[in-house]
Amino acid sequence: MAELDHRVQGVDHAAFPTFDPAGTVRFYRDVLGFPVVHSICAAGWGPEDHPDFVHFFFDIGSGDRIAFFYYFGLQPVHARERGDAYAGFGPDVPEFFVRSRHLAIHVESEADLLEYRRRLDASDWPVEMQIRHETIESIYTHDPNGYMVELTRPMRPVTPQEDLDANLTIDALLDVVAGPEPTYGQLLARKAELIVERAAAWELAGSGDPR
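Residues numbered from 1 in each chain as written. Predicted model: local features only at pLDDT ≥ 70, side-chain atom pairs only at ≥ 80, totals over all residues. Heavy atoms only, no water.

*Asks:* Please explain unusual backbone geometry as it appears in this structure.
*Replies:* When glycine is set aside, most residues are seen to have a negative phi, and most peptide bonds are trans. In this structure, S62 is a non-glycine residue whose phi angle is positive, near 60 degrees. Here S62 is to be found in the loop between β3 (53-59) and β4 (65-71). Phi at E181 takes a positive value of approximately 45 degrees, unusual for a residue other than glycine. Considering the arrangement of structural elements, one finds E181 in the loop between α4 (160-177) and α5 (184-205). (Helix = DSSP H or I, 4+ residues; strand = E, 2+ residues; numbered from the N terminus.)

Here it is as structure tokens:
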């Protein structure tokens, strides 16, 4: 498959509903220090039953923004013990699944990460976890809306070999999930098959990149 040209320039904004605009502003502007950079005030929008709302944006660096909708008169839409303003989860849903949806915000250095840890730990939303993954170190908390927020810094650059491995993994995954009852073992086996299939082409190309 031919590789498509890459034309996007990052995230313009990620948007979420909030039932607590005051807490949201405190968390993002007053604790983390993300300035408010834009807002939209609207008397409804389209359908007659659409409530009046405010849509407000915080600068999270590099021209990217995180935004929230506050709908006047709209009450929380669920009462689950776990989850956030958008989705609630009952006790039957595994915790790893609940935590899988989160926003990760990039910082450049360990010093930056520790500064955000200091700000959070001094607030009503202290850091809940600090974890080192393969190439990154992250801190986690939940914002006033129940959304999990991650701040993450690179521990080292991602290598071209790791990019190659990522593409192999995804190609193998797509093959495996096309069949019945996919497993992690099947993924590894298919990935090994793809390496054997492509090794000769990589050697001829001399680049180590099959794409």
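*Asks:* What am I meant to see in the sheet that holds strand β9 (residues 136-142) here?
*Replies:* Pairing between the strands of a sheet is mediated by backbone hydrogen bonds and can be parallel or antiparallel. Sheet architecture is open: four strands sit in the order β7-β10-β9-β8, paired in mixed fashion. On the outer flanks of this sheet lie β7 (102-106) and β8 (129-132), each paired with one strand and no other. Neighbour-to-neighbour, the strand axes of this sheet turn through a mean angle of 25 degrees, independent of strand direction. Across the sheet, helix α3 (residues 110-121) is in contact with β8, β9 and β10 (148-154); its angle to β9 comes to roughly 15 degrees. (Pairing = 2+ DSSP bridges. Axes fitted to C-alpha atoms, helices over the stretch in contact; angles between N-to-C directions. Contact = heavy atoms within 4.5 Å.)

*Asks:* Looking at this structure, I do not really get helix α1 (residues 21-31). What am I missing?
*Replies:* An α-helix turns once every 3.6 residues. As a result, residues three or four positions apart point the same way. Restricting attention to buried positions, one finds in α1 the residues G23, T24, V25, F27, Y28 and V31. Buried residues in α1 make contact with β3, β4, α3, β9 and β10. G33 lies just past α1 and shows a positive phi near 85 degrees. (Buried < 20%, exposed > 50% of the residue type's maximum accessible area, 1.4 Å probe, protein only.)

*Asks:* Looking at this structure, how should I read the nonpolar core?
*Replies:* It is characteristic of soluble globular proteins that their nonpolar side chains tend to be buried jointly. Judged by nonpolar contacts, the single largest core of 24 residues is most densely connected at Y28, L32, F58, L120 and L151. Within the residue set of this core, elements represented by two or more residues are α1, β3, β4, β7, α3 and β10. The dominant element in this core, judged by the number of residues it contributes, is α1, at four residues. Residues within four places of F58 in sequence aside, it is in contact with T24, V25, Y28, R29, F34, P35, V36, V37, D64, R65, I66 and F68. Grouped together as the second largest cluster of nonpolar side chains are six residues, L164, L168, A172 and L187 included. (Core = buried A, V, L, I, M, F, W, Y, C linked by side-chain atoms within 4.5 Å.)

*Asks:* Whenever I open this one, the sheet that holds β4 confuses me. Can you help?
*Replies:* The strand order across the open sheet formed by four strands is β1-β4-β3-β2, and the pairing between neighbours is mixed. The two strands at the open ends of the sheet, each matched to only one other strand, are β1 (13-17) and β2 (36-42). Sheet twist, expressed as the mean angle between neighbouring strand axes with direction ignored, is 20 degrees. Its contacts with the sheet place α1 against β2, β3 and β4, and it is angled at close to 10 degrees to β3.

*Asks:* Please clarify how the pattern of salt bridges should be interpreted in this entry.
*Replies:* Two side chains carrying opposite charge are able to pair once their charged atoms lie near each other. Inspection of the entire model under this criterion finds 18 salt bridges. A salt bridge links R7 to D5; the nearest nitrogen and oxygen atoms lie 2.5 Å apart. Where R119 meets E115, a salt bridge forms, and the shortest distance between an N and an O atom there is 2.8 Å. Of this pair, R119 and E115 both sit in helix α3, four residues apart, which is roughly one turn of the helix. Overall, R119 belongs to the partly exposed group, its relative accessible area being 26%. Salt bridges here are not isolated pairs; linked through shared partners, they connect D175, R190, E193 and E197. (Salt bridge = Lys/Arg side-chain N within 4 Å of Asp/Glu carboxyl O.)

*Asks:* Hey, could you run me through the side chain of S123 in this one?
*Replies:* Within the secondary structure, S123 sits in the loop between α3 and β8. At a separation of 2.7 Å, a polar atom in the side chain of S123 contacts the main-chain carbonyl oxygen of L120. Looking at S123, its side chain comes within polar contact range of the main-chain nitrogen of W125, at 2.9 Å. (Polar contact = N/O pair within 3.5 Å; in protein donor to acceptor, adjacent residues only side chain to side chain.)

*Asks:* Whenever I open this one, the environment of E3 confuses me. Can you help?
*Replies:* Positionally, E3 belongs in the segment before β1. The exposure class assigned to E3 is exposed, which follows from its relative accessible area of 63%.

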